[in-house]
Amino acid sequence: MKAILIQKTGSVDNIEVSDLPQPGKLKSGEVRLKFLAGSLNHLDLWVLKGLPRVTYQFPHILGADLCAEVLESKSKKFKRGQRVVLYPAKSQGKELNGKPAPENLCSDFHIRGENTSGVFAEETIAHKKFIFLAPKHLSNAEAAAMPLVYLTAWQMVYEKAGLRPKQKFDGKILVHGAGSGVSQAILNLLLSFGLKKQIAITSRDLNKLSFWQKKGIQTFQFGSQTSDEIKNWAAGKTNEKVSIIFDHLGEKFFEMNIRLLKTGGKFITCGATTGFEGKIDLRHLYFRQLQLLGSTMGSLAHFKEMISWITKSKITPKIAAEFDFYHPKAGFALMEAAEQDGKIVFLRP
Ligand SMILES: NC(=O)c1ccc[n+]([C@@H]2O[C@H](COP(=O)([O-])OP(=O)(O)OC[C@H]3O[C@@H](n4cnc5c(N)ncnc54)[C@H](OP(=O)(O)O)[C@@H]3O)[C@@H](O)[C@H]2O)c1
């Protein structure tokens, strides 16, 4: 079978679509999946470039996000022909003492395509507990665009920020990076929860902001005046500042973010695209009793909740561009240039 893989880390030039042996026989509870669509995450770029804490086993199949058709099933839960999506990680969901625990907090938590084999292959075998029916209102591309970024956004919005649908919430919310898959997932969840006038979004690109502006969200384009404009918005008439900041840009805006937060405000981060160092004057942290919260993906329970909310509220991920599975390099290059507005998808012709 063909798979999108690397034989060593490096650049987009190292990506190959090559033959690998077909996955073997199914064990009880396993399901054989045929690739219909897969979506790129920034993580796939980090993996391609080389992650120091990951021990690669080459050839390494890339990709975490999959929409697939069931080809064969050793589980009564699934039948041949069903359209499914996959939890983008693996774990037994148990602490070392055997007690149940959220998968993404367990020591055996492995993200597909990062520290375990990925899903950008014509066939993948997965255990039934990680497989879910794809929401009917989504196309193959949209279903493949959902798993990793919506799971991450769900944990950030629902668990870390503690926001709920129809909840009365007057605080200001700032989301960075309008073009990003994860930010768009956060914004769609916030909108579906009934929040709008409290939200602001940043981007380097005016075109990416106009989509959200039309939905009634305050927008800021990064430039020389931006931090003053954001400070004015955050301060408002009573100097109230920002209640929640959702970030993945990291170093470049970290000091600004800390200053923007109100007393008791939350900085919720899942990434550091512009750099890994964050300098903080600790007096800001304790005097204003700020909460700095890290977030990585989510548990299987979060994944179920997220899919059921997406289905109920008919959320549709935005597709930036579609590429042929057998010619994936241009998709990776587009993400590297950060020119996409939404998710980059690979489809099997
Ligand atoms: N911990 C987790 O579970 C988790 C899960 C998902 C993602 N992440 C992390 O979150 C980040 C975003 O992931 P993604 O897949 O959504 O990525 P993406 O679709 O590639 O989006 C990246 C966006 O970041 C913005 N950006 C990039 N460089 C920038 C710079 N120098 N200055 C200002 N903005 C910049 C751009 O937004 P504009 O074009 O709008 O300016 C760009 O579109 C990555 O670092 C990823 O590793 C972490």
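Residues numbered from 1 in each chain as written. Predicted model: local features only at pLDDT ≥ 70, side-chain atom pairs only at ≥ 80, totals over all residues.

Here we look at the nonpolar core
Counting residues in hydrophobic clusters, the biggest one holds 96 residues, and the most contacted among them are Val84, Ala153 and Ile186. If you tally residues by element for this core, the top one is helix H3 (residues 147-160), at 8 residues. Among all residues touching valine 84, those that are not within four sequence positions of it are Leu33, Ala68, Val70, Phe78, Ile131, Phe132, Leu133 and Ala134. (Core = buried A, V, L, I, M, F, W, Y, C linked by C-beta atoms within 7 Å. Buried ≥ 20, exposed ≤ 12 C-beta atoms within 10 Å, placed from the backbone. Helix = DSSP H or I, 4+ residues; strand = E, 2+ residues; numbered from the N terminus. Contact = placed C-beta atoms within 7 Å.)

Thoughts on the domain arrangement of the protein chain
Along its sequence, the protein chain is organised into domain 1 (2-146 + 317-347) and domain 2 (151-294). For domain 1 versus domain 2, the distance between C-alpha centres works out to 29 Å. Domain 1 puts 9 residues into the contact, and the matching count from domain 2 is 6 residues. Its residues placed into classes, the side of domain 1 that touches domain 2 shows 2 nonpolar, 4 polar and 3 charged. (Domains from an automatic or database assignment. Nonpolar A, V, L, I, M, F, W, Y, C, P; charged D, E, K, R; others polar.)

A few points about the site of the ligand
The environment of the ligand is formed by 29 residues, the closest being Gly179, Ser180, Ser203, His248 and Gly271. At the level of secondary structure, the elements contributing two or more residues to the shell around the ligand comprise helix H1 (42-49), H3 and helix H4 (181-192). A class-by-class count of the residues in the shell around the ligand yields 12 nonpolar, 13 polar and 4 charged. When residues of the shell around the ligand are assigned to domains, at least three fall in each of domain 1 (2-146 + 317-347) and domain 2 (151-294). (Near = placed C-beta within 6 Å.)

Describing the pairing of strand S12 (residues 199-203)
Of all 5 residues in S12, 5 are buried, a share of seventy percent or more. Alternating residues of S12 divide into Ile199, Ile201 and Ser203 and Ala200 and Thr202, and every residue in both groups is buried. Read from strand S11 (residues 172-175) through H4 to S12, the crossover connection turns out right-handed. Tracing the backbone out of S12, into helix H5 (residues 206-213) and back to the parallel element strand S13 (residues 218-221) gives a crossover that is right-handed. (Right-handed = clockwise from strand over helix to strand, strands pointing away.)

Brief notes about the sheet that holds strand S15 (residues 261-269)
Taken together, the 6 strands give an open sheet; going across it, the order is S13-S12-S11-S14-S15-S16, and neighbouring strands pair in parallel fashion. Both outer strands of the open sheet, S13 and strand S16 (291-294), are each paired with one neighbouring strand and no more. Between one strand and the next, the sheet's axes are offset by a mean angle of 15°, whatever the strand orientation. Sheet analysis places strand S14 (residues 242-247) next to S15, joined by 5 bridges and oriented parallel. From the neighbouring strand, phenylalanine 246 faces S15, where its bridge partner is isoleucine 268. Each of S12 and S13 is contacted by H5, which is oriented at about 175° to S13, the strand it contacts most. (Pairing = 2+ DSSP bridges. Axes fitted to C-alpha atoms, helices over the stretch in contact; angles between N-to-C directions.)

Describing the packing of H3 against H4
It is the contact of H3 with H4, at a shortest axis distance of 8 Å, that shows an interaxial angle of 55°. Of the possible angle classes, the one that applies to H3 and H4 is oblique. Regarding H3 and H4, the two cross each other, and that crossing is right-handed. Only Gly181, Val182, Ala185, Ile186, Leu189 and Leu190 of H4 make contact with H3, whose side of the interface consists of Val149, Tyr150, Thr152, Ala153, Trp154, Met156 and Val157. (Parallel < 35°, antiparallel > 145°, perpendicular 65-115°, else oblique. Left-handed = near helix turned anticlockwise from the far one by under 90°.)

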